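# Examination of the molecular architecture
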Amino acid sequence: MGKGLILGIESSCDETAAAVVELGVRTLSSVVASQIDTHSRYGGVVPELASREHLRAIVPVVDAALKEAGVGLSDLDAIAVTSGPGLAGALLVGITYAKALAFAEDLPVIAVNHLEGHIHAVLLHEHEAGTERSPLDAKSAALALVVSGGHTHLYLAELQKQGWTYRLVGRTLDDAAGEAYDKVAKLLGLGYPGGPWIDALAKFGDPKAVPFAFARIKDKVHLRGKAPRTKAAKTAPIAELDSRFLFSFSGIKTAVLRYVELNSLREGVAERSAKILARAKPPKTHEEALALCPQAVLDLIASFQFAVIGDLMKKTFAAAESLGVKHILVTGGVAANRELRERFTKEASRHGVTVAFPTLALSTDNAAMIAAAAWPRFQAGEFAETALSADPSLALGVPNK
Amino acid sequence: MAAKSLLVLGIDTCGPTGSVALGRLSATPGLEGRCSNGSSIEILGQTELDGRRYSEKLVTVVGDLLRSHGVKLRGVGCIVAVNGPGSFTGVRVGLSTVKGFAMGAGMPVVTISRLAVLTAKAGVNAAALDAHRGEVFLRVVGGELLAGVDELAEIAAPERMAVCDEAAAKVLRAAWPETELVEVAAPTAADALEHAASRVLAGDFVELALLDGNYLRRSDAEIHFGASA
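Because the structure is predicted, anything quoted here is derived from the model rather than measured. (Residues numbered from 1 in each chain as written. Chains lettered and ligands numbered in written order. Predicted model: local features only at pLDDT ≥ 70, side-chain atom pairs only at ≥ 80, totals over all residues. Heavy atoms only, no water.)

## Section: the overall build of chain A
Summing up its helical and strand segments, chain A has 13 helices and 11 strands in all. The C-alpha atoms of chain A give 21 Å as radius of gyration, which agrees with the globular expectation for 401 residues (21 Å, within 12%). Its C-alpha atoms give chain A principal-axis dimensions of about 65 × 45 × 40 Å. Across the 401 residues of chain A, 57% fall into the buried class. For chain A, the computed accessible surface area is about 16300 Å², with 54% contributed by carbon and sulfur atoms. Side-chain charges in chain A split into 43 positive and 43 negative, and the spacing between the mean points of these groups amounts to 7 Å. (Helix = DSSP H or I, 4+ residues; strand = E, 2+ residues; numbered from the N terminus. Rg over C-alpha atoms; globule rule 2.2 N^0.38 Å. Buried < 20%, exposed > 50% of the residue type's maximum accessible area, 1.4 Å probe, protein only. Areas by Shrake-Rupley, 256 points an atom, 1.4 Å probe, with all protein chains shown as cover. Lys, Arg positive; Asp, Glu negative; His and termini not counted. Charge placed at Lys NZ, Arg CZ, Asp CG, Glu CD.)

## Considering the confidence of the model for chain B
Residue and element names in this part refer to chain B. Across chain B, the average pLDDT comes to 92, with 92% of residues at 70 or higher. For residues 30-34, every residue scores under 50 in pLDDT, and the model assigns this stretch 5 contacts once sequence neighbours within four places are set aside. Across the predicted assembly, pTM comes out at 0.93 and ipTM at 0.94. (pLDDT = per-residue confidence, 0-100. Contact = heavy atoms within 4.5 Å.)

## Here we look at the domain arrangement of chain B
Residue and element names in this part refer to chain B. Here chain B is partitioned into domain 1 (5-114 + 186-228) and domain 2 (115-183). For domain 1 versus domain 2, the separation of C-alpha centres amounts to 23 Å. Contact residues are listed per partner, giving 16 residues for domain 1 and 17 residues for domain 2. Summing both sides of the interface, domain 1 and domain 2 together bury roughly 1400 Å²; the carbon and sulfur share of this comes to 60%. It is Arg114, Leu216 and Arg217 in domain 1 that bury the most area against domain 2; as a group they hold 44% of the surface buried on that side. On the surface where domain 1 and domain 2 come into contact, there are 3 salt bridges. Put simply, Glu135 and Arg217 hold a salt bridge, and the shortest N to O gap is 2.5 Å. (Domains from an automatic or database assignment. Buried area = accessible area lost by both parts, 1.4 Å probe. Salt bridge = Lys/Arg side-chain N within 4 Å of Asp/Glu carboxyl O.)

## Description of the packing of aromatic side chains
Considering all chains together, one arrives at 8 aromatic pairs over all chains under this definition. With centroids separated by 5.7 Å and ring planes inclined at 80 degrees, the aromatic side chains of A:Phe214 and A:Phe249 adopt a geometry described as edge-to-face. Separated by 35 residues along the polypeptide, A:Phe214 in the loop between helix H6 (194-202) and strand S9 (246-247) and A:Phe249 in the loop between S9 and helix H7 (250-262) bring together distant segments of the chain. Taking the relative accessible area as the measure of exposure, A:Phe249 reaches 0% and is therefore buried. Among the aromatic side chains, those forming a connected cluster through ring pairs are A:Phe214, A:Phe247 and A:Phe249. In this structure, A:Arg52 packs its charged tip against the face of B:Phe88, placed 4.6 Å from the ring centre. Just above the ring of B:Tyr215 sits the side chain of A:Arg52; from NZ or CZ to the centre is 3.8 Å. (Phe/Tyr/Trp six-rings, centres within 6.5 Å; stacked < 30°, edge-to-face > 60°. Lys NZ or Arg CZ within 6 Å of the ring centre and 35° of its normal.)

## Details of the sheet that holds strand S6 (residues 127-130) of chain B
Residues and elements named next belong to chain B. Read from one edge to the other, the open sheet built from 5 strands follows the order S8-S7-S6-S9-S10, with strand pairing classed as mixed. A strand with exactly one partner marks an edge of an open sheet, and here the two such strands are strand S8 (143-147) and strand S10 (180-183). Pairwise comparison of adjacent strand axes, ignoring direction, gives a mean angle of 25 degrees for this sheet. Here strand S9 (residues 160-163) pairs with S10 via 4 bridges, running parallel. Residue pairing across strands places Ala162 opposite Val182, the latter belonging to S10. Relative to the sheet, helix H3 (residues 114-122) contacts S6, strand S7 (136-140), S8, S9 and S10, its axis offset from that of S6 by approximately 125 degrees. On the sheet, helix H5 (residues 166-175) packs against S6, S7, S9 and S10 and is oriented at approximately 120 degrees with respect to S6. (Pairing = 2+ DSSP bridges. Axes fitted to C-alpha atoms, helices over the stretch in contact; angles between N-to-C directions.)

## Topic: the pairing of strand S3 (residues 26-34) of chain A
Pairing between strand S2 (residues 15-22) of chain A and S3(A): 8 bridges, direction antiparallel. Its bridge partner being in S3(A), A:Thr16 is matched across the sheet by A:Ala33.

## Observations regarding the domain arrangement of chain A
All names here are of chain A. The domain boundaries assigned to chain A delineate domain 1 (5-136 + 361-394) and domain 2 (171-358). For domain 1 versus domain 2, the separation of C-alpha centres amounts to 27 Å. Each partner contributes residues to the interface: domain 1 has 20 residues there, and domain 2 has 17 residues. When domain 1 packs against domain 2, the two sides together hide about 1400 Å² of surface, and 69% of this comes from carbon and sulfur. Sorting the residues of domain 1 by area buried against domain 2 places Gly43, Val122 and Ser363 first, and these three jointly supply 35% of that buried surface. Our count for the contact surface shared by domain 1 and domain 2 stands at 0 salt bridges.

## Side note on the interface of chain A and chain B
Interfaces are often sized by the accessible area lost when the parts come together. On the side of chain B, 33 residues touch chain A, which itself brings 31 residues to the contact. Across the interface of chain A and chain B, roughly 2700 Å² is buried in total on both sides, 66% from carbon and sulfur atoms. Among the residues chain A hides against chain B, the three largest losses belong to A:Arg52, A:Leu55 and A:Phe103. Together they make up 25% of the total. On inspection of chain A and its partner chain B, the count reaches 3 salt bridges. B:Arg92 is the partner of A:Glu48 in a salt bridge, and the nearest nitrogen-oxygen pair spans 2.9 Å. At the boundary of chain A and chain B, one finds 8 residue pairs in polar contact (both at pLDDT 80 or more). The element best represented in the side of chain A that touches chain B is helix H2 (residues 47-69) of chain A, accounting for 12 residues. (Polar contact = N/O pair within 3.5 Å; in protein donor to acceptor, adjacent residues only side chain to side chain.)

## A closer look at helix H8 (residues 269-279) of chain A
Residues and elements named next belong to chain A. Among the residues of H8, those classed as buried are Val269, Arg272 and Ile276. Angularly, the buried residues of H8 cover 60 degrees about the axis, an arc narrow enough to put them on a single face. Exposed residues pointing more than 90 degrees away from the buried face of H8 are listed as Ala270, Glu271, Leu277 and Ala278. Buried residues along H8 sit in contact with helix H5 (177-187), H6, helix H9 (286-292) and helix H10 (295-323). (Arc of directions from axis to C-beta.)

## Quick notes on helix H2 (residues 88-105) of chain B
All names here are of chain B. Between its first and last C-alpha, H2 extends 26 Å over 18 residues, near the 26 Å set by a 1.5 Å rise per residue. The element H2 is extensively covered by neighbouring structure, given that 17 of its 18 residues are classed as buried. Looking one or two residues beyond H2, the residue adopting positive phi is Gly106, at roughly 65 degrees. (Expected span 1.5 Å × (residues − 1).)

## Topic: the nonpolar core
A:Leu7, A:Ile9, A:Val62 and A:Leu66 are the most contacted members of the largest nonpolar core, which totals 86 residues. In terms of residue count, the dominant contributor to this core is helix H3 (residues 88-105) of chain A (10 residues). Discounting residues that sit within four places of it in the chain, A:Val62 has contacts with A:Leu7, A:Ile9, A:Ala18, A:Tyr97 and B:Met103. (Core = buried A, V, L, I, M, F, W, Y, C linked by side-chain atoms within 4.5 Å.)

Next comes the structure, spelled out in structure tokens:
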């Protein structure tokens, strides 16, 4: 073994990323090439365009990560790559590139689950901030909420002697929370991705103006333990999960649409959309916000965000209490949300638990988290087969998958 | 490299079936010489690949081919990559792999269009490959493009052109009934090595960071959005 340097590569969605992490805990470099400009006009990620951009970006991004870290390919001990879940064509660019580079350098490849990567983004940050736990620590079990444009999952993560183990305890039945943000943003003519826009505008609205409600997910007795045929349920079973920890974000998007129609808030959407595409900077003052949206729309936005975060909070803290877990990790793109961080932090102190977030840069997709998650695997000698390919619906913390 | 020989690795994963080939290129004509510029290429071996398993198999197949000839990747002097047109994913799996090999082992890359290989193979200067949806990837004198019935009606029909699949032949017979179709077997990585040999010797390499797919077709999102290619 050399210096414990792992090159991480991530290409599961719309960011091409590479990073060098030492011994799983020290980030030497983390480079992310975002494709937001490519996809913004479509209001969402276009898989074929994402794949093309990854192919163009992969060499410069890896080059930059090595240069920034001040290491050469021959200094590396392994190459870690996201093998799923994500967009098949996008994942394949990172995977086939990583396999070929590893072959050329005679290095092992470590396949990393993107969701595990997100959890390690918080752990990496805790290590670097000096607040990490040891296996003997009471806080060695944590409840992780992975919440982004593609995922809304709750995991029980436990640090054991052989490394971290995960158990899925909750998930969304349909849209991810970040997906709801994107769809509502698109409906209101706001920029893509929707999160930063909605978060910035929500500050200037009344969060109690529109009372959005989330229905409790009912146990589906008629399914007899089988997963329902919803989009998300296909990728992981939900039958064994406690229905109190299941999310659903497709309803609120429809509720927002209905509210917009009933209150004639459609007006100005096209102009707003054009303005945002031309200028593309979220507002900083109430005047700037009002120049973009009338107060009724600001109130709607604030209410939407208040409701979504409230639902994430309610179920996360209920799961933590039910599992007797005293530490919560919130990670993924939505974990960059200002209001989410504030409210989770307040709620945690009320419950007598702690909550940790990654840095803002580590919240969204990056490769440092992939290299960090690969470290325990490297130590255990868990290397990928040469036939490694993309697994778009790769699950985490589910038996037999 | 005048009097020396050079090992070249060819990779084509653009079509429904792919292949990788290893060749030895000499700057002076030899017994196997088939190139026009005084160079010769000897194909040492070629392996076929199932189009549904490119991402799983490509690196392994290249490794096995090299090993069976006692060659290390660093012993390869140049990669010839067929960069499309064809399956979008196939094109990308091939090129991502080529980028990894080339960045790791530090060898130069020459890219060649699959249509260029097809024309050279048939000894004509026009060719077409099936592009599905009743369209063809077309190469005529002056360039390459994606062509359907409307585009074909606007282009002067060549006298002769190469085809290697029935779907493209059908589109062309309907659009250009006067054109003689020269039917050849689908181009392979070995064909690519032969037809790119002169460019390898001339040092016509592509900048690795700029190496990109020759897709010819835009993504559906762009087509429906009406954006420019």
